[in-house]
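Read off the chains here:
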Amino acid sequence: TELVEGQSAHYECRIEPYPDSNLKVEWFFNGKPLTTGHRFRTAYDFGFASLDVLTAYAEDSGTYTCKASNRIGQAQSSIQTTVRCK
């Protein structure tokens, strides 16, 4: 994915089985836990995990990973994002 500085991004992945009371969903940026807050918002609802990056900056370039785990095991999906200056 390529963004221009100031744009927003929405990433989403489908997670099964749903519902699963033991499911844990985590987001990572360049291998480190992503701190959610002002510009980064995560959600998990009805089997879909999402990440919104609001007002992207060049330093937001990197790899975003969604990791889902439960008693059976774990799975993850990643996307490489590049944010270029205007």
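Attention here is on the structure that accompanies the text. Here the structure is a predicted model, which is why all the values come from computation and not from measurement.

### Focus on the overall build of the chain
Logical step 1: In terms of regular secondary structure, the chain is built from 0 helices and 8 strands.
Logical step 2: Of the regular secondary structure in the chain, the N- to C-terminal order runs β-β-β-β-β-β-β-β.
Logical step 3: Considered along the principal axes of its C-alpha atoms, the chain spans approximately 45 × 20 × 20 Å.
Logical step 4: Each of the 86 residues in the chain was classed as buried or not, and the buried ones make up 34%.
Logical step 5: Across the chain, contacts joining residues at least 24 apart in sequence account for 60% of those joining residues at least 6 apart.
Logical step 6: Accessible surface, the chain: about 5600 Å² in total, of which carbon and sulfur atoms supply 49%.

### What about the sheet that holds strand S6 (residues 48-53)?
Two pairing modes exist for strands in a sheet, parallel and antiparallel, and in both the strands are linked by backbone hydrogen bonds.
Logical step 1: In space, the 3 strands of this open sheet follow the order S2-S6-S5, with antiparallel pairing throughout. In the strand order of this sheet, the two ends are held by strand S2 (9-14) and strand S5 (40-45), each with one partner. In this sheet, neighbouring strand axes are inclined to one another by 15° on average, regardless of whether the strands run parallel or antiparallel.
Logical step 2: Both S2 and S6 contribute to a ladder of 6 bridges, which runs antiparallel. Note that in S6 the partner of Arg 14 across the bridge is Phe 48.

### What about the nonpolar core?
Logical step 1: Tyr 11, Ile 15, Trp 27, Leu 51, Val 53 and Tyr 64 are the most contacted members of the largest nonpolar core, which totals 18 residues.
Logical step 2: Put simply, the parts of the chain that give this core at least two residues each are S2, strand S3 (24-29), S6 and strand S7 (62-69).

Cut-offs applied
Residues numbered from 1 in each chain as written. Predicted model: local features only at pLDDT ≥ 70, side-chain atom pairs only at ≥ 80, totals over all residues. Heavy atoms only, no water. Helix = DSSP H or I, 4+ residues; strand = E, 2+ residues; numbered from the N terminus. Buried < 20%, exposed > 50% of the residue type's maximum accessible area, 1.4 Å probe, protein only. Contact = heavy atoms within 4.5 Å. Areas by Shrake-Rupley, 256 points an atom, 1.4 Å probe, with all protein chains shown as cover. Pairing = 2+ DSSP bridges. Axes fitted to C-alpha atoms, helices over the stretch in contact; angles between N-to-C directions. Core = buried A, V, L, I, M, F, W, Y, C linked by side-chain atoms within 4.5 Å.

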